[in-house]
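Spelled out, the chains give:
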Amino acid sequence: MTELGGYIGRFLNVDLSQGQVADERPDPALLRAFVGGYGLGARILYERMPAGADPLGPDNILGLITGPLTGTPALMASRYCAVAKSPLTGGWGDANSGGEFGPTLKFAGYDAVFISGIAEQPVYLLIENGRAELRPADDLWGLDVTETEDTLQARHGSGLRLACIGPAGERQSLISCIINDKGRAAGRSGLGAVMGSKRLKAVAVLGDAKPPLAQPDRLKALRKKHLAPFKEGADAEIMRRYGTAGYTKALTEIGRTPIRNWSGAYPDDYPDPEAVDGPAVIAYETEKYACWHCNQVCGGIMRWQSEGQWHEAHKPEYETLATFGTYCLITDLKAIMTMNDMCNRAGLDTISAGSSIAFALECYEHGLFSAEELDGLQLEWGDGQAAIALLQRIIDRQGLGNLLADGVKRAAQRIGRGSEAFAIHSGGQELPAHDPRHESDFGLAYQISPTPGRHTQGGVGAAEMPPEHLAIYGLDPDLKDKDEVRFHAQAYAANAAWRNVLNAAGLCSFGAMTMSPEYVPEFMAAITGWDFDMAECLQTGERIEDMRLLFGLREGYNPLHTEVAPRAMGQPPLQSGPRADVTVHVEDLRAAYLGRMAWDRTTALPSAERLAALGLADLAAALTG
């Protein structure tokens, strides 16, 4: 492979059933078409996995994939993606994480690892400076994430970085996730269960390779240009001081943060959001930390005493403070920090775990659990200690916890008796703490994205961008007055495409809060050497969106048949609070978006003409027979 900026130029293919590892040299044209991360993953898994593969079977492929900007001097470039067929939704699954694992995977000699098969006994994959081998992990099976990382670092060196699962992934909880750096989570889509089904405890990486940079002088100038806003931006200041915890109070007060399992409102049901807001959180912070070479430094280590015992763990994020806090009416910050640590150690998605506990609280309120199922639990709203006890049962898959360990959709299917109304999800994925009743675009994103119920995908809020940003996207602001819905659909589609490239390239979404949109194609061009402008960025992002869509459609997941939980769409509407009497209607926007994307309004299949224009003519031919 001719040297290409940003890429190491090697993939690792692992067959756990055969115990074999093999290198692969990727086609540069494939890299340019799909970038990295979930873009590259969607194309490769579509080609290499048989249709209808069991998500927890040997044919499912788990990918851990960096982007061309991961581990480079581009700003906020620490991310990697985990991909597989999702056991939670049955369609396309991806999750994104920061920390140091992604860059270190690249430094270890690979842009991506693709893992198939099932090992006979627990194993871990060790990659060190371009050499890969599978090693027994019987002694690691059953350990939590922190114990696993400490054990392997003692064995292989303190520079080792891990992506691993805890007991929840081992037990194949469908809301389990992959954890790296002890507290950074590739949280969504249930991919910890995929890793557990393969008896793969960890991927451990160590190395000092550095990806080449095509235009280092231009890169230095771009860093200077885009660093400037961080010195004076309000969002940058909030993130530096508090992390995402700094948004809890403000978002709760404007009605963006769901309350009482999405049935309550501020201030009637949760009058004290200060209890879980940034200043309260950082009162327990003992040190700050950043993801790899990040200027934002939004992470933190917490220390607190509870019941005579000292705890030290990662700072909870906004989503965690909301799902364990406002969703459950819990204001006990120590209890929330404890549950955050429990999830990190066990490898559970905090969004899904908090949502599952809120679901259980409402079921308990309506008398839907038997005394045998409760086994002494009294699940009252706002009771942090009861929530901790239930969370431990979810981790252990014991009693009522076993019912909840696969998420609210499956729990409601088993309980019945009206509990379906309390199961707040989209396509099986629990909803994050961003309410469509505040921003209706979330209602579209939660449904139409190939990975449902996600707040970091889709062009949410794009129609309200300032005119100078609209111009960067090539959008006509005058169309807003002439045809508002059509304009809105175009803005949403463009921003969603741009965000796909951001994610696939290995950048952090928080950069979008401060830098102008052009930073994504500019860094891409400087690092890879491609003539990569905004037009190509948007076309590439649309190609990635269609690729993920096609994977899901092949597996029987049609986003047009996915309904967001009615309660989250204001059906029925809230009776009080800042979003009282709001019902979300996105039908016109959805229709305009389908037209813009050339997706069929029944099958969701992209037109053959559009696929061909995106360079996917081979898929167009297959779809049309």
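Residues numbered from 1 in each chain as written. Predicted model: local features only at pLDDT ≥ 70, side-chain atom pairs only at ≥ 80, totals over all residues. Heavy atoms only, no water.

Turning our attention to the nonpolar core. Across soluble globular proteins, nonpolar side chains show a tendency to be buried alongside one another. Membership of the largest hydrophobic core comes to 88 residues, with the highest contact counts inside it found for Leu45, Leu69 and Trp498. Top element by residues in this core is helix α21 (residues 484-505). It accounts for twelve residues. Those residues in contact with Leu45 that lie beyond four places of it in its chain are Ile61, Val83, Ala84, Trp92, Phe114, Phe551 and Arg554. In this structure, Cys363, Leu377, Ala405 and Phe442 belong to the second largest nonpolar core, which totals 77 residues. (Core = buried A, V, L, I, M, F, W, Y, C linked by side-chain atoms within 4.5 Å. Buried < 20%, exposed > 50% of the residue type's maximum accessible area, 1.4 Å probe, protein only. Helix = DSSP H or I, 4+ residues; strand = E, 2+ residues; numbered from the N terminus. Contact = heavy atoms within 4.5 Å.)

Looking now at the packing of helix α11 (residues 318-326) against helix α12 (residues 333-346). Between two packed helices, what matters for the description is the angle formed by their axes and the separation of those axes. At a minimum axis distance of 10 Å, the contact between α11 and α12 shows a crossing angle of 120°. When the axis of α11 is compared with that of α12, the two are oblique. Classified by chirality, the crossing of α12 by α11 is right-handed. In this structure, α11 uses Thr320, Leu321, Phe324 and Gly325 to contact α12, whose residues at the interface are Leu333, Ile336, Met339, Asn340 and Cys343. Residues belonging to the contact of α11 with α12 are distributed by class as follows: six nonpolar, three polar and no charged. (Axes fitted to C-alpha atoms, helices over the stretch in contact; angles between N-to-C directions. Parallel < 35°, antiparallel > 145°, perpendicular 65-115°, else oblique. Left-handed = near helix turned anticlockwise from the far one by under 90°. Nonpolar A, V, L, I, M, F, W, Y, C, P; charged D, E, K, R; others polar.)

Moving on, we come to the pairing of strand β8 (residues 131-136). As paired elements, strand β7 (residues 123-128) and β8 share six bridges and run antiparallel to each other. Within the sheet, the bridge partner assigned to Leu125 lies in β8 and is Leu134. As consecutive antiparallel partners, β7 and β8 are separated by two residues, and within that stretch Asn129 has a phi angle of approximately 45°, a positive value. (Pairing = 2+ DSSP bridges.)

Our next topic: the environment of Arg10. Along the chain, Arg10 turns up in the segment before β1 (11-15). Each C-alpha atom, one on Arg10 and one on Trp141, is 30 Å from the other, the two residues being 131 residues apart in sequence. Engagement of the side chain of Arg10 in a polar contact is seen with the side chain of Asp23, the distance being 2.5 Å. (Polar contact = N/O pair within 3.5 Å; in protein donor to acceptor, adjacent residues only side chain to side chain.)

So, on to the packing of aromatic side chains. By the definition in use, this model includes twelve aromatic pairs. Between the aromatic rings of Tyr7 and Trp530, the centroid separation amounts to 6.1 Å while the plane-to-plane angle is 45°, which identifies the pairing as tilted. On the criterion of sequence distance, the pair formed by Tyr7 in the segment before β1 and Trp530 in the loop between α22 (519-528) and α23 (534-554) is long-range, its members being 523 residues apart. Accessibility assignment for this pair places Tyr7 and Trp530 in one class, buried. Measuring from ring centre to ring centre gives 6.2 Å for Tyr473 and Trp498, while their planes differ by 75°; the resulting arrangement is edge-to-face. Of the two residues, Tyr473 sits in the loop between α19 (467-472) and α20 (479-482) while Trp498 sits in helix α21, which places them 25 residues apart along the sequence. As far as the burial class goes, Tyr473 and Trp498 line up, both buried. Counting every residue linked through ring pairs, the aromatic cluster contains Tyr7, Trp530 and Phe532. (Phe/Tyr/Trp six-rings, centres within 6.5 Å; stacked < 30°, edge-to-face > 60°.)

This part takes up the packing of α23 against helix α24 (residues 587-597). Running from N to C, α23 and α24 cross one another at 105°; their axes reach a closest spacing of 12 Å. One way to sum up the angle between α23 and α24 is to call them roughly perpendicular. Of the residues in α24, those touching α23 at Glu542, Glu545 and Asp546 are Tyr593, Arg596 and Met597. Of the residues belonging to the contact of α23 with α24, the class tally is two nonpolar, no polar and four charged.

Turning our eyes to something else, we now look at the pattern of salt bridges. Two side chains that carry opposite charge are able to pair once their charged atoms sit near each other. With the rule as written, the count across this model stands at 36 salt bridges. As a salt-bridge pair, Asp396 and Arg171 come within 3.6 Å of each other at their nearest N and O atoms. Of this pair, Asp396 sits in helix α15 (residues 384-396) while Arg171 sits in the loop between α5 (167-170) and β10 (178-180); the two residues are 225 residues apart in sequence, bridging distant segments of the chain. Under the relative-accessibility criterion, Arg171 is labelled partly exposed at 38%. Within this structure, Asp94, Arg454, Glu545 and Arg548 form a network of salt bridges that share partners. (Salt bridge = Lys/Arg side-chain N within 4 Å of Asp/Glu carboxyl O.)

When glycine is set aside, most residues are seen to have a negative phi, and most peptide bonds are trans. Note that the residue after Tyr266, namely Pro267, is joined by a cis bond; omega there is 0°. Along the chain, the position of Pro267 falls in the loop between α9 (248-253) and α10 (278-282). In this structure, Pro572 follows Gln571 across a cis peptide bond, with omega equal to 0°. Turning to its location among the elements, Pro572 is positioned in the loop between α23 and α24. Here the phi dihedral of Val35 falls at roughly 70°; this positive angle occurs in a residue that is not glycine.

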